[in-house]
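# Analysis of the macromolecular model
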Number of protein chains: 2
Amino acid sequence: MIRRFRGESLHKVDAKGRVSVPAAFRRVLEEGDPDFSRGSSPNFVIVYGGVRGNCLEGYTINSISKVDKLISKLPRFSKDREMLERFINTQSTYMQLDETGRIVLSHRLKEKIGIGDEAIFAGMGEKFQIWEPKNYQNELNALDSSFENLSEDENPFLKLDQLQD
Amino acid sequence: MIRRFRGESLHKVDAKGRVSVPAAFRRVLEEGDPDFSRGSSPNFVIVYGGVRGNCLEGYTINSISKVDKLISKLPRFSKDREMLERFINTQSTYMQLDETGRIVLSHRLKEKIGIGDEAIFAGMGEKFQIWEPKNYQNELNALDSSFENLSEDENPFLKLDQLQD
DNA sequence: TGCCATCTTATGGGATATCATGGAATTTTA
DNA sequence: TAAAATTCCATGATATCCCATAAGATGGCA
């Protein structure tokens, strides 16, 4: 089975910026790091820029490498490539879990998403997100109300089955 | 894992032109220098010419070799080749990190990109850039706004998935 | 089914190493 | 020989490592 990031949970952020990554997510990060071996700690990547500036996004090494490979196919120095590198590489950082399954969010990262002493981890399949709890709730509410206003043929649930490969 | 240049950070430039290269970048430079051995300091290349005159670009030895090879494939004496050699070979220089992970930017290089006493390092995958902070911010802003004006089928993120191997 | 032993998880505190930066001393070079 | 460049040493801040503990979760077994 290929594990995916699922579920949401709330964690404390201590004075040093340390947060526990949910145990279930750790398993996914381990599977997604080709260099991981039992006894070591998996690496992964956090993207903090991009379109949505209000949360951090965590990717396994494998899934970010996929993106990197695609970007590398674009012509060097092309506008598209520079733009993607800027959003994906410049505004991201390598992370490594520590022995106890934590990462440390630098002052800069905490500031970026307005985090104080708590953080929400939200599984999103191939990636996960880290939110300041209030912002997360707002996001959920916004999502609910925009969903309610959709017409039948805009409903993504209904579109899903038409994509059949 | 093959590390790439990721992330951005701000560093002081002292009166002698010394700047610390971000520690994460040093690891990439070490891996990308075939002659590097533990205890020594990696070499790399800084390109200061090129289309964009407003920043410096740092390449590992391995990745500049890749570019060199590509250039060598162009017909000798062709206009294209002359131009690229001029930009990539003529307007570039070898650099070596010192013991403490710093390089020194000559007066000439600082002038080239308008640097005073601070510099931004920005990871771009196979290369990194060095910017004067204000110029960098302008670049980011320009990027953001040009991104917002893109139509759906110009969006480089969406184009990526069409490249699917 | 209820209880206990064990493992995992989430969290905290203190010690240690690395990083970024500055200044002085020494060498090179023009 | 003065200016520029390089080497060496010093230090505060940050990040990393190591150890500790309490609360859950898990599993075995009577």
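This text gives an overview of the structure that appears in the document. Everything numeric in this text was worked out from a predicted model, so none of it was measured.

Attention shifts here to a nonpolar patch on the surface. On the surface, a cluster of nonpolar side chains totalling about 380 Å² of accessible area is made up of A:Phe147, A:Leu150, A:Phe157 and A:Leu158. Tracing the sequence through the fold places A:Phe157 in helix α6 (residues 156-160).

Mapping chain A onto chain B leaves a residual RMSD of 0.7 Å; the transformation is a rotation of 28° accompanied by 13 Å of translation along its axis. In this assembly the copies use different faces: only 9% of the residues contributing to the interface of chain A also contribute to that of chain B.

All names here are of chain B. At a minimum axis separation of 10 Å, helix α2 (residues 61-73) and helix α3 (residues 79-90) run at an interaxial angle of 160°. The angle between the axes of α2 and α3 places the two elements in the roughly antiparallel class. For the crossing formed where α2 meets α3, the hand is left-handed. Contacts from Ile64, Val67, Asp68, Ile71 and Ser72 of α2 reach α3 at Arg81, Leu84, Glu85, Ile88 and Asn89.

Another point: the protein's contact with DNA strand C. Taken together, 25 residues surround DNA strand C, and among them A:Lys16, A:Arg18, A:Arg102, B:Lys16 and B:Arg18 come closest. Take the atoms of DNA strand C that sit within 4 Å of the protein: sugar and phosphate atoms are 45% of them. Here a phosphate oxygen of DNA strand C sits 3.5 Å away from a polar atom, N or O, in the main chain of A:Lys12. Side-chain polar atom of A:Arg26 to a phosphate oxygen of DNA strand C: 3.0 Å apart, as the coordinates give it. Listing elements by their share of the surface near DNA strand C, those giving two or more residues are β1 (8-12), β2 (18-20) and α1 (23-31) of chain A together with β1 (8-12), β2 (18-20) and α1 (23-31) of chain B. Here the surface near DNA strand C is built from residues that sort into five nonpolar, six polar and 14 charged.

What follows is about the sheet that holds strand β3 (residues 43-47) of chain B. Residue and element names in this part refer to chain B. Strand order across the open sheet formed by six strands is β1-β7-β8-β4-β3-β5, with antiparallel pairing between neighbours. Bordering the open sheet on either side are β1 and β5 (92-96), each of which pairs with just one other strand. Strand-to-strand twist across the sheet, computed as the mean angle between neighbouring axes with direction ignored, equals 30°. Each of β3, β4 (56-60) and β5 touches α2; the most contacted strand, β4, lies at about 100° to it. Each of β1, β7 (118-124) and β8 (127-131) is contacted by helix α5 (residues 133-148), which is oriented at about 40° to β7, the strand it contacts most.

Here the focus is the protein's contact with DNA strand D. Lining the immediate surroundings of DNA strand D are A:Lys16, A:Arg18, B:Lys16 and B:Arg18. Contact between DNA strand D and B:Lys16: a base oxygen at 3.3 Å from a side-chain N or O atom of the residue. A distance of 3.5 Å separates a base oxygen of DNA strand D from a polar side-chain atom of B:Arg18. Residue classes in the surface near DNA strand D are distributed as no nonpolar, no polar and four charged.

Before going further, it helps to spend a moment on the layout of surface pockets. Its boundaries defined by the atoms lining it, the second largest pocket holds a volume of some 580 Å³. Contributions of two or more residues to the lining of the second largest pocket are made by α2 (61-73) of chain A together with α1 and α2 of chain B. Here the lining of the second largest pocket gets six residues from one element, more than from any other, and that element is α2(A). Its residues assigned to classes, the lining of the second largest pocket comprises eight nonpolar, seven polar and nine charged.

Residues and elements named next belong to chain B. Taken across its seven residues, β7 has six buried, putting it largely inside the fold. Here five bridges tie β1 to β7, and the two strands are oriented antiparallel to one another. In the strand pairing of β7, Ser9 is matched with Phe121. Bridge count for β7 against β8 is five bridges, and the pairing is antiparallel. Bridging from a neighbouring strand, Met124 pairs with Lys127 of β8. Here β7 hands over to β8 after two residues, with Gly125 in that stretch at a positive phi of 75°.

A word on α5(B). Residue and element names in this part refer to chain B. For α5, built from 16 residues, the straight-helix expectation of 22 Å at 1.5 Å per residue is met to within 8% by its first-to-last C-alpha distance of 23 Å. When we look at burial in α5, the residues that qualify are Tyr136, Leu140, Leu143 and Phe147. For α5, the angular spread of the buried residues around the axis is 60°, confining them to a single face. For α5, the exposed residues set more than 90 degrees away from the buried face come down to Lys134 and Glu148.

Tallying the contact residues gives 32 residues for chain A and 39 residues for chain B. In total, chain A and chain B occlude about 3100 Å² of area from one another, counting both sides; carbon and sulfur atoms represent 57% of this. Contact with chain B buries surface across chain A, with A:Arg76, A:Arg86 and A:Tyr94 losing the most and accounting together for 23% of the total. Put simply, chain A and chain B have nine salt bridges between them. Of the charged contacts in the structure, one is a salt bridge between A:Arg86 and B:Glu139, with a shortest N-O distance of 3.8 Å. There are 16 residue pairs in polar contact (both at pLDDT 80 or more) connecting chain A and chain B. Sorting the residues of the side of chain A that touches chain B by element identifies β3 (43-47), α2, α3 (79-90) and β5 (92-96) of chain A as the ones contributing at least two each. The dominant element in the side of chain A that touches chain B, judged by the number of residues it contributes, is α3(A), at eleven residues. Its residues assigned to classes, the side of chain A that touches chain B comprises 15 nonpolar, seven polar and ten charged.

Procedures and definitions
- Residues numbered from 1 in each chain as written.
- Chains lettered and ligands numbered in written order.
- Predicted model: local features only at pLDDT ≥ 70, side-chain atom pairs only at ≥ 80, totals over all residues.
- Heavy atoms only, no water.
- Patch = residues over 30% accessible without salt bridge, like charges linked within 9 Å, V, L, I, M, F, W, Y side chains within 5 Å.
- Areas by Shrake-Rupley, 256 points an atom, 1.4 Å probe, with all protein chains shown as cover.
- Salt bridge = Lys/Arg side-chain N within 4 Å of Asp/Glu carboxyl O.
- Helix = DSSP H or I, 4+ residues; strand = E, 2+ residues; numbered from the N terminus.
- Least-squares fit on C-alpha atoms with pLDDT ≥ 70 in both.
- Contact = heavy atoms within 4.5 Å.
- Axes fitted to C-alpha atoms, helices over the stretch in contact; angles between N-to-C directions.
- Parallel < 35°, antiparallel > 145°, perpendicular 65-115°, else oblique.
- Left-handed = near helix turned anticlockwise from the far one by under 90°.
- Near = heavy atom within 4 Å.
- Polar contact = N/O pair within 3.5 Å; in protein donor to acceptor, adjacent residues only side chain to side chain.
- Nonpolar A, V, L, I, M, F, W, Y, C, P; charged D, E, K, R; others polar.
- Pairing = 2+ DSSP bridges.
- 1 Å grid on protein atoms, 1.4 Å probe; cavity = no way out; pocket = protein on both sides within 12 Å on 5 of 7 lines; lining within 4 Å.
- Points joined across faces, edges and corners; volume = space filled by probe spheres on them.
- Buried < 20%, exposed > 50% of the residue type's maximum accessible area, 1.4 Å probe, protein only.
- Expected span 1.5 Å × (residues − 1).
- Arc of directions from axis to C-beta.
- Buried area = accessible area lost by both parts, 1.4 Å probe.

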